[in-house]
Amino acid sequence: MYAPVDKPAFWENKYKTDQANWDTKSYNPVFAELLDNYELIKTGKILIAGCGKGYDAIIAAQKKYKVTAIDFSSTAINYAKQLAIQSNVNIEFLNEDIFTLSDDYSESFDLVYEYTTYCAINPERRKEFARKISSLIKKGGRLIAILFPVDKRESGPPFSIDVQEFYKNFSEYLHLELSNRQINSIKPRKGKEILQIYIKKWSMI
Ligand SMILES: C[S@@+](CC[C@H](N)C(=O)[O-])C[C@H]1O[C@@H](n2cnc3c(N)ncnc32)[C@H](O)[C@@H]1O
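What counts and what doesn't
- Residues numbered from 1 in each chain as written.
- Predicted model: local features only at pLDDT ≥ 70, side-chain atom pairs only at ≥ 80, totals over all residues.
- Heavy atoms only, no water.
- Axes fitted to C-alpha atoms, helices over the stretch in contact; angles between N-to-C directions.
- Helix = DSSP H or I, 4+ residues; strand = E, 2+ residues; numbered from the N terminus.
- Parallel < 35°, antiparallel > 145°, perpendicular 65-115°, else oblique.
- Left-handed = near helix turned anticlockwise from the far one by under 90°.
- Contact = heavy atoms within 4.5 Å.
- Disulfide = S-S within 2.5 Å.
- Buried < 20%, exposed > 50% of the residue type's maximum accessible area, 1.4 Å probe, protein only.

### What to know about the packing of helix H2 (residues 29-37) against helix H3 (residues 55-62)
Between two packed helices, the angle of one axis relative to the other and the distance separating the axes together describe the packing. Where H2 contacts H3, the axes come no closer than 10 Å and their chain directions differ by 20 degrees. The angle between H2 and H3 places the two elements in the roughly parallel class. Pair H2 / H3 crosses with right-handed handedness. Contacts between H2 and H3 involve Phe31, Ala32 and Leu35 from the first element and Asp56, Ile59 and Ala60 from the second.

### A short note on the state of the cysteines
Under the definition given, this model contains 0 disulfides. Free cysteine: Cys51, not disulfide-bonded; nearest cysteine sulfur from Cys119 at 15 Å. By relative accessible area, Cys51 is classed as buried at 10%. On the basis of relative accessible area, Cys119 is assigned to the buried category, the value being 3%.

### Regarding helix H5 (residues 126-135)
Counting buried positions along H5 yields 7 of 10 residues, so the element is predominantly enclosed. Along H5, the positions that sit buried rather than exposed are Arg126, Phe129, Ala130, Lys132, Ile133, Ser134 and Ser135. Where H5 is buried, its residues meet strand E1 (45-49), strand E4 (109-115), strand E5 (137-147) and helix H6 (163-170).

### What about unusual backbone geometry?
Cis geometry is found at the peptide bond from Phe148 to Pro149, where omega equals -5 degrees. Relative to the assigned elements, Pro149 resides in the loop between E5 and H6. Here the amide bond leading from Gly156 into Pro157 is cis, since omega sits at 0 degrees, within 30 degrees of zero. Topologically, Pro157 is positioned in the loop between E5 and H6. The backbone of Lys25 shows a phi angle near 65 degrees, a positive value even though the residue is not glycine. Mapped onto the elements, Lys25 comes out in the loop between helix H1 (8-16) and H2. Lys25 sits in the exposed class, given a relative accessible area of 62%.

Structure follows, in structure tokens:
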């Protein structure tokens, strides 16, 4: 029996009672570096899936990407909106469930970024998540996933990620381009993260 992670109320409660212990209060340095250096990522439209308080969305917008950020916790989204105003960047914030995001967004992003969201959803919905996320990426677009935690734990969230299982779920729709364990993770997560980049070679429409 899993915690009720499918319900926004579960996450709302974590944010409101100061139990958002995944919150690093900063953007992910690995993501920021990739936006600067990974030559295959062109400027374009990015979706930050499960954006939390919005740090990664803001750094991407500061680097001139056109950013949409989604999270079904209104407390997280409201915080992120305020931070965007203070940072003087324009971001489209969606206070919605990723699984039910409108088909209007199908194949509309050059890049989807996921960090600590795959490990936060109900593990029984991982195949569904892979399909939904892949459906949002344009043909020729990419998924950047920083997989955490790639260790073994009894329960969650965060639920452990098995890299092979992640690959199996996403390679139904996307092609693995890069997989790297040697990344500049923040100290407490060192050795427990893997960067993977996938490209979408075929349209799903
Ligand atoms: C562990 S937190 C990570 C947040 C952020 N990525 C970060 O690194 O701080 C997971 C986030 O995903 C959001 N989330 C979980 N399931 C979701 C869903 N189905 N649709 C939208 N947001 C979801 C939660 O509200 C929460 O903010």
